Amino acid sequence: MKTLNTFLIILFYSFCAHGQTSNSISGTVKDFSNEVLPGTTVRVLKAPDSTFVKGEITDASGKFKVSSLENGSYLLDISALGQKRFVSAPLMMDSAHQILVLPAIILLSAKNVELKEVTVKAKKPLIEQAIDRTIVNVESMISSATSNTMEVLEKTPGVSVNANGEISLNGRNGVLVLIDGRSTYMSGADLAAYLKSVPGGLLDKIELIDNPSAKYDAAGNAVIDIRLKKNRAGGLTGSISAGMSQGRYARSNDALNLNYSRKKVNLFVNLGYSYEKNYSQDGFDRRFYNASSTLLSSVDLTNDQVYKNNGININAGLDFAATPKTTYGLIFNLNKGKRSGVFKYESKNYDALNQLAVTGSGSTTGGDERDNTGVNFNMLHKFNTGGRDLSVDVNYLHYLNNGNQFLQNRAFEPGGELLEQQDFIYRIPSDIHIYTAKADYAHPLKNKAKLEAGFKSSLINTDNVFNYYDVKGSRETLNNTQSNHFKYNENINAAYFNGQKSWKRIGIQLGMRVENTNIEGNQLGNAEIAGSTFTKHYTGIFPSAYLSFKPDAKGNNTLGLMAVRRISRPNYQLLNPFLFLRDQYTYSSGNPDLNPQYQSRIELKYQRKQWLNMGLSYNKFTNSIFPTTQTIDTIFVNKPDNIAGGFMVLLNTSVSASLNKWWYTNTTLRLSRVGLKGKVLDADLDFKSNIARLEVNNYFTLGKTVSAELGGYYASRDFTGQTVTNGMLRVNASIQKKIWDGKGSIRLSAEDIFHSWVYHNRSIGLINSEYFQTSRTDTQRIGAAFTYRFGKDTFARKRRHNNNASDEEKERL
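Residues numbered from 1 in each chain as written. Predicted model: local features only at pLDDT ≥ 70, side-chain atom pairs only at ≥ 80, totals over all residues. Heavy atoms only, no water.

## Points about the overall build of the protein
The test is simple: Put simply, DSSP H or I for four residues or longer makes a helix, DSSP E for two residues or longer makes a strand, and each gets a number counted from the N terminus. Exposure categories follow from relative accessible area, calculated using a 1.4 Å probe and restricted to protein chains: below 20% of the type maximum is buried, above 50% is exposed, and the middle band is partly exposed. Here, residues are in contact when the closest pair of their heavy atoms is within 4.5 Å. Note that accessible areas follow from Shrake-Rupley with a 1.4 Å probe, and for residues the cover is restricted to the protein chains shown.
Helix and strand counts for the protein come out as 4 helices and 46 strands. Here the protein holds 813 residues, and the buried ones make up 51% of them. Expressed as a percentage of contacts within the protein between residues at least 6 apart in sequence, the contacts between residues at least 24 apart total 67%. Element-wise, carbon and sulfur atoms account for 57% of the exposed surface of the protein, whose accessible area totals about 36200 Å².

What follows is the structure, encoded as structure tokens:
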């Protein structure tokens, strides 16, 4: 009840804070020769502290219009390539001055002029809402400097990360994660390890896209696009970030961003180093029954793991404007990491009378080394200044991983006598090559219409070896019966078409994407095991539609109706039939018969300016990919499978409000009804649950140079596969002090203050068995960071470097 009251109070204040008259400022920007300047950045700042409010780009006629401004005093900050920055005198908006139409604004040439007239103190808001996406400006998140990218995502409104590192957006699992507009082609543990190796200080912003258009890959139920920092200001600019945090163990995340821009050339380098030491503790209570539900035996299992990671990330690129219409880009990425750790377990087996029968213990020591490289070539050609352009993007990725694990298992009589001993080694090298090429063409038409079309082709070749060696003393012997060599090839060819049309209050977008998928899997045999192969060929059609309507003339309210069809393909790890040992009582394997999961969604959205966003969606799943658990004696075997399907009804509400001058708050409430129905092994599954998520983030301005954050996240009961998780809560806080005229900052943070982010799980739908689990990690932490940016902020380049050669051409605000 208290939570509901808090939410209603915020909603009430929000209506009061935003129930003011809407205003607009418009004008035309020209150069000293009286020629119009299209593509010029126009920023509206609050006077006198220069806080950023809104931004626009001038159109082909040099005109701009900034609408939906509240009453107050504003500055216009205007900049363009080769022109001196213009900052206006204060402009007052009130009931007597609701619409300001300015005379032509003439920008002087910037030749031999350094821009010293104004010090801009603008700070981007943490969250910017649009009808089709949410933009999170990471620099405005104080704790980002002490965090890695995975931890930044955990603190991003709408994003959830479970104990296995799987990411969901607004309650939707199977999210496609992009880095600078490109797929990583990673999932599960590989993606989690990569994101943990990228310091938060390298991030510029995160775009959360619920309903991607046909221009995006059809894979994933939603899209999260993580954008790295790149400064387009002239000359040499950069920033440095050094952060560390301490829980039970220490972590470090450090970043250096450099950019040099002169005339036709833009060079950038992002360097990141991360160190993490962490632990996980799991306690299991497993119970086994006969067909009449009589207890046969039980196992108490305790897992204790300590591991550490070192990661280096290098992202370097060149942007060359060969002609006024054509720009070429080249990017190189290197991500190296080393992970090591010790996993220990202890077990106690009890009979039907709860008498101790067997005890066990074991350990796994080892780790892996990751060496990922990538090369990208991109090109953007503008046929005219009206938005007709062609972009090309070619990528090569090489992922190399070498893993080694030494496992020891022991079983004892209740009196301590040794029953069984087992020592063995896994050697797990993998080699992955990824090739992609795509092209996108945009053609504006008359009367606010636009056509887009493109194609993409990708080829993935993976080679994974699991060699099992029996160990006797110092001698290692290859055991072919427990070894596996799996090769997997995947080719996806796609084409899409998008059409857009806007009227005064109505906008429509229709798209269609076709993807053809070809898969070959080959489990190579050996002297003991026969080989096996499988192939899959399928073609999918993925339509998307979007209709928007602005019921009022000022555009303060927007209604949207969206429909989309998506696909979630199983990755190669889920298709590999090899049986892998975690501990003496837990195995996992893939399933070569696994088929892709499909999702159809229809969603109604409402947006009120920047302060209220609501969405009501119905999601239907078919061929749902479902993690199953089979009980064999006292061993759990985890394996993915397809079940008939499921559904989710989701109501998502986000409110952003300035309660007063020094307190800004953002609250997101997600309510959903989720159900799964089908057959798991030989058991019928029909499970439904109500799920709630509440995120409250408060941002305080405590002075001209001091700001703070206080946030909380509550997750109600949830379920994944055959596991139900009880509700959890965490609270975070941070504070920042700006120094050196705003160029530097000192930041302090506290994560999971009460160490309440603990998983309490129980099983559902298991045949003749059940389990209960408690799991915790090193989430309670304090951190400190230092950031500093350097270089002269002169003017931005007219063409923004596009990492995926497909972004809209606009200046960075």
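## What about the confidence of the model for the protein?
Basically, it comes down to this: Each residue carries a pLDDT value, the predictor's own confidence for that position, ranging from 0 to 100.
With 90% of its residues at a pLDDT of 70 or more, the protein has an overall mean of 83. Here residues 112–122 is a poorly scored stretch, pLDDT under 50, and it has 23 contacts once near neighbours within four places are set aside; other chains count. In the predicted structure, residues 793–813 sits below a pLDDT of 50 and forms 96 contacts with residues beyond four places in sequence or in another chain.

## Looking at the environment of Lys456
To keep things clear, this is the line we draw: Here a polar contact is taken to be a pair of N or O atoms separated by no more than 3.5 Å, where protein atoms must pair a possible hydrogen donor with a possible acceptor and residues adjacent in sequence count only if both atoms sit in side chains.
When you line up the elements, Lys456 lands in strand 26 (residues 449–472). As a C-alpha pair, Lys456 and Thr436 span 20 residues in sequence and 7.3 Å in three-dimensional space. Sequence-distant contacts of Lys456, defined by excluding residues within four places in its chain, comprise Tyr185, Asp217, Thr436, Ala437, Lys438, Ile492, Asn493, Ala494 and Arg513. In this structure the side chain of Lys456 is engaged in a polar contact, spanning 2.8 Å, whose partner is the side chain of Asp217.

## Description of the pairing of strand 37 (residues 663–680)
Selection criterion: Paired strands, in this sense, are two strands between which DSSP finds at least two bridges.
Inspection of the sheet shows strand 36 (residues 635–660) paired to strand 37 by 15 bridges, in the antiparallel sense. When the bridges of strand 37 are listed, Ser658 appears paired with Tyr664. The hairpin turn running from strand 36 into strand 37, its antiparallel successor, is 2 residues long. One ladder, built from 18 bridges, connects strand 37 with strand 38 (residues 683–701); its direction is antiparallel. Paired with Leu669 across the two strands is Leu694, which belongs to strand 38. Here strand 37 folds back onto strand 38 in antiparallel fashion, the turn holding 2 residues, of which Leu681 has a positive phi close to 55°.

## Considerations on the pattern of salt bridges
Here is the rule we go by: One speaks of a salt bridge when a side-chain nitrogen belonging to Lys or Arg is within 4 Å of a carboxyl oxygen belonging to Asp or Glu.
For the coordinates displayed, the defined rule picks out 21 salt bridges. With a shortest N-O distance of 2.8 Å, Glu515 and Arg513 are connected by a salt bridge. Salt-bridge contacts for Asp686 lead to Lys688; the nearest nitrogen and oxygen are separated by 2.9 Å. Residue classification places Lys688 among the partly exposed positions, given a relative accessible area of 39%. Put simply, Asp217, Lys456, Arg513, Glu515 and Arg569 are held in one network by salt bridges that share partners.

## Thoughts on the nonpolar core
Basically, it comes down to this: We call a set of buried Ala, Val, Leu, Ile, Met, Phe, Trp, Tyr and Cys residues a nonpolar core when their side-chain atoms join them within 4.5 Å.
Membership of the largest hydrophobic core comes to 48 residues, with the highest contact counts inside it found for Leu153, Ile167, Leu195, Ile206, Ile224 and Ile226. The element that contributes the greatest number of residues to this core is helix 3 (residues 188–196), accounting for 4 residues. With near-sequence residues (within four places) excluded, Ile226 lies in contact with Thr149, Leu153, Val177, Leu178, Ile179, Asp180, Leu195, Leu203 and Lys205. In this structure, Leu37, Val66, Tyr74 and Ala80 belong to the second largest nonpolar core, which totals 17 residues.

## A closer look at the packing of aromatic side chains
We describe a pair of aromatic rings using the distance from one ring centre to the other and the angle between the two ring planes. Spelled out, the test is: In this analysis, rings of Phe, Tyr and Trp, with Trp reduced to its six-membered ring, are considered paired at centre separations within 6.5 Å, and the interplanar angle assigns stacked below 30 degrees, edge-to-face beyond 60, and tilted for intermediate values. For a Lys NZ or an Arg CZ to count as sitting over a ring, it must be within 6 Å of the ring centre and within 35 degrees of the ring normal.
Inspection of the entire model under this criterion finds 22 aromatic pairs. Relative to Phe377, the ring of Tyr328 lies with its centre 6.2 Å away and its plane at 25°, an arrangement referred to as stacked. Separated by 49 residues along the polypeptide, Tyr328 in strand 22 (residues 326–350) and Phe377 in strand 23 (residues 356–382) bring together distant segments of the chain. Take Tyr328: its relative accessible area is 36%, and that puts it in the partly exposed class. On the numbers, 6.4 Å between centres and 25° between planes, the contact of Phe486 with Phe534 is stacked. Linking Phe486 in strand 28 (residues 484–502) with Phe534 in strand 30 (residues 532–549), this pair joins segments that are 48 residues apart in sequence. On the basis of relative accessibility, which here comes to 0%, the residue Phe486 falls in the buried class. Overall, Phe534 belongs to the buried group, its relative accessible area being 15%. Members of the aromatic cluster, each reached through a chain of ring pairs, are Phe284, Phe288, Phe636 and Tyr771. Over the ring of Tyr279 we find Arg248; its NZ or CZ atom is 3.8 Å from the centre of that ring. Its guanidinium or amino end placed over the ring of Phe284, Arg286 lies 4.9 Å from that ring's centre, counting from NZ or CZ.

## Section: the side chain of Gln523
Topologically, Gln523 is positioned in strand 29 (residues 506–524). Classification of Gln523 as buried rests on a relative accessible area of 15%. What Gln523 contacts, discounting residues up to four positions off in sequence, is Asn484, His485, Phe486, Gly531, Ser532 and Pro577.

## Here we look at the environment of Ile127
Looking at the secondary structure, you find Ile127 in strand 10 (residues 127–129). Along the backbone, Ile127 and Glu207 are 80 residues apart, and their C-alpha atoms lie at a distance of 9.9 Å. Not counting residues up to four positions away in its chain, the partners in contact with Ile127 are Thr134, Ile135, Pro157 and Asn666.

## Section: the pairing of strand 25 (residues 418–445)
Across 24 bridges, the pairing between strand 24 (residues 389–412) and strand 25 is antiparallel. Its bridge partner lying in strand 25, Val392 is registered against Ala439. Counted between consecutive antiparallel strands, the loop separating strand 24 from strand 25 contains 5 residues, among which Gly416 sits at a positive phi close to 105°. Summarising the sheet, strand 25 and strand 26 pair through 20 bridges and their orientation is antiparallel. Note that in strand 26 the partner of Tyr441 across the bridge is Ala453. The hairpin turn running from strand 25 into strand 26, its antiparallel successor, is 3 residues long, and Asn447 in that turn takes a positive phi close to 60°.

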